[in-house]
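Observations on the model geometry
Given next are the chains, with one letter for each unit.
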Amino acid sequence: MENLKIAIGADHGGFRLKEKIIEYLREKNVEFKDFGTFDEESCNYPDIAKKVSLEVATGNFNKGILICGTGIGMSIVANKTKGIRAALCADTFSAKASRAHNNANILCLGQRVTGEGLALEILDTWLNSSFESGRHKTRVDMIEC
Ligand code: RB5
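Definitions and limits used
- Residues numbered from 1 in each chain as written.
- Predicted model: local features only at pLDDT ≥ 70, side-chain atom pairs only at ≥ 80, totals over all residues.
- Heavy atoms only, no water.
- Helix = DSSP H or I, 4+ residues; strand = E, 2+ residues; numbered from the N terminus.
- Rg over C-alpha atoms; globule rule 2.2 N^0.38 Å.
- Near = heavy atom within 4 Å.
- Polar contact = N/O pair within 3.5 Å; in protein donor to acceptor, adjacent residues only side chain to side chain.
- Areas by Shrake-Rupley, 256 points an atom, 1.4 Å probe, with all protein chains shown as cover.
- Nonpolar A, V, L, I, M, F, W, Y, C, P; charged D, E, K, R; others polar.
- Contact = heavy atoms within 4.5 Å.
- pLDDT = per-residue confidence, 0-100.
- Buried < 20%, exposed > 50% of the residue type's maximum accessible area, 1.4 Å probe, protein only.
- Axes fitted to C-alpha atoms, helices over the stretch in contact; angles between N-to-C directions.
- Parallel < 35°, antiparallel > 145°, perpendicular 65-115°, else oblique.
- Left-handed = near helix turned anticlockwise from the far one by under 90°.
- Pairing = 2+ DSSP bridges.

This part covers the overall build of the protein. Along the protein, the regular secondary structure elements total 6 helices and 5 strands. The order of α-helices and β-strands along the protein, N terminus first, is β-α-β-α-β-α-β-α-β-α-α. Its C-alpha atoms give the protein a radius of gyration of 14 Å, within 12% of the compact-globule value 15 Å for 145 residues. For the protein, the spread of C-alpha atoms along the principal axes amounts to about 45 × 30 × 25 Å.

What follows is the structure, encoded as C-alpha cells:
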C-alpha cells in the first residue's frame, strides 16, 4: 500500500462506516483526506461524490472511497467524471477483480448493505490488489474513447 493517497467521503447514510474506515486507514498509516460529511445530518450524496471524484480524476489523490446507504448513488455520480472507474463492491471477489481487471480508482460501499467487518475486508482486498494490465488495459483504455 505504498504511495497511497486516498480521498474519502460519505453522505449521512455512510457516515458511520466512513469513520470506521478512517480508523483502519490511520492504523495502517495510509495517507487520506476526509471530504465529509462530518455527522449524520441529512445531506446530498452527489455533492460529496463529485468532490472526491474530481480530486482523484485530477491526480491530487490516487484512489477514492465513497460510502452512502447502498453505495449506488455514489457510484452513479462518480462514474460520470471523466477518468473515474468507480466500483460498487459488496464482496471481496468483486473488489479484487475491480482492481485487477477494471483498474478501479474509486471503491464504493453501502453502509446499509454491507456490515462493518466485511466492508473492512473488502477495502483491505481492494487496496492490496493490483491492475493486471495486458488485455485488461486494452479494454480499460476503450472506456474513455
Ligand atoms: C440516503 O437516504 C440514501 O438515499 C443514500 O445514502 C444512498 O443510498 C443513495 O444511493
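Bringing the site of the ligand into the picture now. Around the ligand lies a shell formed by Asp11, His12, Tyr45, Cys68, Gly69, Thr70, Gly73 and Arg112. Between the ligand and the protein, one listed contact pairs an oxygen atom with a backbone N or O atom of Gly69 at 2.8 Å. Take Gly73: an N or O atom from its main chain is 2.9 Å from an oxygen atom of the ligand. Protein coverage of the free-state accessible area of the ligand, which is 290 Å², stands at 72%. Of the residues that constitute the shell around the ligand, the class distribution is 2 nonpolar, 4 polar and 2 charged.

Time to look at the environment of Ala95. Residue position: Ala95 is located in helix H4 (residues 92–100). A C-alpha to C-alpha distance of 20 Å links Ala95 and Thr81, two positions 14 residues apart in sequence. The contact partners of Ala95, leaving out residues within four places of it in the chain, are Cys89, Ile122, Thr125 and Trp126.

Turning our attention to the confidence of the model for the protein. Scored by pLDDT, the protein comes out at a mean of 97, with 99% of its residues at no less than 70. Across the protein, the secondary-structure element scoring lowest on mean pLDDT is helix H6 (residues 135–143), at 95, and the one scoring highest is strand S5 (residues 106–110), at 99.

With that out of the way, let us pick up unusual backbone geometry. For the bond from Gly36 to Thr37, the omega torsion is -5°, close enough to zero to count as cis. At Asn29, a residue that is not glycine, the phi angle is positive and equals roughly 55°. Residue placement: Asn29 occurs in the loop between helix H1 (15–27) and strand S2 (31–34). On the accessibility criterion, Asn29 (71% relative accessible area) is exposed. A positive phi angle, near 50°, is found at Asn103, a position not held by glycine.

For the rest of this paragraph, the subject is the packing of H4 against helix H5 (residues 116–127). Put simply, H4 and H5 touch, their axes get as near as 8 Å, and they point 25° apart. With respect to each other, H4 and H5 are oriented roughly parallel. The element H4 and its partner H5 pack so that their crossing is right-handed. Contacts between H4 and H5 involve Thr92, Ala95, Lys96, Ser98 and Arg99 on the former and, on the latter, Glu121, Ile122, Thr125 and Trp126.

Before going further, it helps to examine the packing of H1 against H5. Following both chains from N to C, one finds H1 and H5 inclined at 50°, their axes separated by 11 Å at the closest point. Classified by the interaxial angle, the pair formed by H1 and H5 is oblique. Crossing of H1 over H5 shows right-handed handedness. Across the interface between the two elements, Leu17, Lys20, Ile21, Tyr24 and Leu25 of H1 pack against Glu116, Ala119, Leu120, Leu123, Asp124 and Leu127 of H5. When the residues that make up the contact of H1 with H5 are grouped by side-chain class, the tally is 8 nonpolar, no polar and 3 charged.

This paragraph deals with the sheet that holds strand S1 (residues 5–10). Across the sheet, 5 strands lie side by side as S2-S1-S3-S5-S4; this open sheet has parallel pairing. Edge positions in the sheet fall to S2 and strand S4 (86–88), since each of these pairs with one other strand and no more. Here the average twist between neighbouring strands, direction ignored, is 20°. Where strand S3 (residues 63–68) lies against S5, 5 bridges are found, and the strand directions are parallel. Residue pairing for S5: Ile67 is matched across the bridge by Leu109. Contacting S1, S3 and S5, H5 runs over the sheet at an angle of about 170° to S5.

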